[in-house]
Each structure stands twice: as C-alpha cells, then as structure tokens.
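In case you want the letters, here they are:
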Amino acid sequence: RSSDLCIYVTDNRTDYFNLSPYAGYEQYASNGDDQFPGWFYVSYCAFLEEDASPCGDGSLVCEVYDSFNPSDPMRTWANWASEVEFEAMTDPHDGFTLHYTGGEGVGCENEEPRQLHLIFNCDPDSDNRQSLRLVERASECEATLTTTSIFGCPVCDDDDFEAVESECEEDKM
C-alpha cells in the first residue's frame, strides 16, 4: 500500500489493484444484526479519522450501532481493525480479499480480537456492480463483506501494451 495512493500489489508484483478513487472515503454496510442494528464503516486506504466518522482514531473498520453497543455501552462504536492484509485470489483477475485484523476483543469469545474479511469481486461490467454488503456474520466478532466492481480487477501495467512504431504523421510518431 502507498500512503498517497491506495494500491495493492500481488506478491510476485505482476498484478496491481488501484483503490485510489476510494482514498479519503469510508464505505458502509449494514451490520445485519437484528438485536443491535448498525453499520460497518470501512476504509480501504487509511485509518478512519475521528472528526470525519463516528469511530475513534486508529481504526480501519468500525461498527457503529444505531442505539446500543453491547460490548461497551459507554460508546456507540466498536473498533474492528487496526491492520489490513491483502490476498489475491488464485486467479487475480477474479479479484482479491482484504483481511482486517487487530480489532478490539471486548465482548468477543476469549477476548479474541475482531476480524473482518472484505472480498472484492472483479467485474468490469457496470451493470453487475454491487455495493458493499454483509455476506456472513460468523460470530459477533467475525464478519465477511463483499463488493463487485471494476475496482476488484487488476489494472493495466506496461506488459499489457505493445509498442508499435509508425511513420511520422503531423510531426508525431
């Protein structure tokens, strides 16, 4: 990742995923909890800022409750992640997953830190775009979200183009 841009790269450095258009913007998804409804605030690129979101500083993902936080009634949010790890799918052209870890353990079984998995599915067709949504809540402290868009697809690099020289036309080659 880069601090100015939001680019994730495969280990072999052959595929790049550019999430820079999301830099500075949180994404939202329902937490799917009927008893304690609320929203996941997710940042793909940098920590959520306390003055720009209802979450505390140092969080990449937090859950904001509509009325009551069951793990800490003194505040309306829970920190789900302070770290993120990128994992490309077996075929990077299918997409990738961001694994968010390092969240609070308060209210979790054995005080294990919360974790969230975010699956980006690649689909360049804008008609098939799906915004961020919850697909599984394995426990109160582990969840999986998904989204489908062109941002789940690797971007082009120099190897994707072929240079062809031609005669000069209007002073250009």
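Look a little higher up for the structure.
Residues numbered from 1 in each chain as written. Predicted model: local features only at pLDDT ≥ 70, side-chain atom pairs only at ≥ 80, totals over all residues. Heavy atoms only, no water.

A.B. asks: Before we go on, may I ask you to explain the packing of aromatic side chains in this structure?
C.D. replies: Within a pair of aromatic rings, the relevant descriptors are the distance that separates the centres and the angle that separates the planes. This structure, assessed with the given rule, holds twelve aromatic pairs. Ring geometry for Phe 36 versus Phe 68: centroids 5.9 Å apart, planes at 40 degrees, classification tilted. In this pair, Phe 36 is assigned in the loop between β3 (27-30) and β4 (38-42) and Phe 68 in the loop between β5 (61-65) and β6 (77-88), connecting sequence segments 32 residues apart. The interplanar angle of 85 degrees and the centroid separation of 5.1 Å between the aromatic rings of Phe 40 and Trp 80 together place this pair among those described as edge-to-face. Separated by 40 residues along the polypeptide, Phe 40 in strand β4 and Trp 80 in strand β6 bring together distant segments of the chain. Overall, Phe 40 belongs to the buried group, its relative accessible area being 0%. According to the relative accessible area criterion, Trp 80 is buried, its value standing at 0%. Taken together, the ring pairs connect Tyr 8, Phe 17, Tyr 22, Tyr 44, Phe 86, Phe 96, Phe 120 and Phe 151 into an aromatic cluster. A cation over a ring is seen here: Arg 75 above Trp 77, with NZ or CZ 4.1 Å from the ring centre. (Phe/Tyr/Trp six-rings, centres within 6.5 Å; stacked < 30°, edge-to-face > 60°. Helix = DSSP H or I, 4+ residues; strand = E, 2+ residues; numbered from the N terminus. Buried < 20%, exposed > 50% of the residue type's maximum accessible area, 1.4 Å probe, protein only. Lys NZ or Arg CZ within 6 Å of the ring centre and 35° of its normal.)

A.B. asks: When you look at the nonpolar core in this model, what are you seeing that I'm missing?
C.D. replies: A general feature of soluble globular proteins is that nonpolar side chains tend to end up buried together. Residues Leu 19, Val 42, Tyr 44, Leu 98, Tyr 100, Leu 116 and Leu 118 are the most contacted members of the largest nonpolar core, which totals 27 residues. Counting only elements with at least two residues in this core, the list comes to β4, β5, β6, β7 (95-102), β8 (115-122) and β10 (142-149). If we ignore the near neighbours within four places in the chain, the residues touching Leu 116 are Phe 40, Val 61, Trp 80, Leu 98, His 99, Tyr 100, Ala 143 and Leu 145. One finds Leu 48, Cys 55, Cys 62 and Trp 77 within the second-largest nonpolar core, a separate group that totals six residues. (Core = buried A, V, L, I, M, F, W, Y, C linked by side-chain atoms within 4.5 Å. Contact = heavy atoms within 4.5 Å.)

A.B. asks: Even after reading the chapter, I still don't get the side chain of Ser 59, so can you show me in this structure?
C.D. replies: Here Ser 59 shows up in the loop between β4 and β5. For Ser 59, the side chain forms a polar contact with the side chain of Asn 79, separated by 2.9 Å. Leaving out residues up to four positions away in the same chain, Ser 59 has contacts with Phe 47, Leu 48, Asn 79, Trp 80 and Ala 81. (Polar contact = N/O pair within 3.5 Å; in protein donor to acceptor, adjacent residues only side chain to side chain.)

A.B. asks: Help me understand the pattern of salt bridges, please; the structure alone is not making it clear to me.
C.D. replies: Any two side chains of opposite charge can pair, on the condition that their charged atoms come close. Per the stated rule, a full pass over the model turns up four salt bridges. Among the ionic pairs, Glu 63 bridges to Arg 137, the shortest N-O distance being 3.0 Å. Separated by 74 residues along the polypeptide, Glu 63 in strand β5 and Arg 137 in strand β9 (residues 130-139) bring together distant segments of the chain. Judged by relative accessible area, Glu 63 falls into the buried class, the value being 0%. Overall, the relative accessible area of 22% leaves Arg 137 in the partly exposed class. (Salt bridge = Lys/Arg side-chain N within 4 Å of Asp/Glu carboxyl O.)

Geometric values such as these leave the question of function open.
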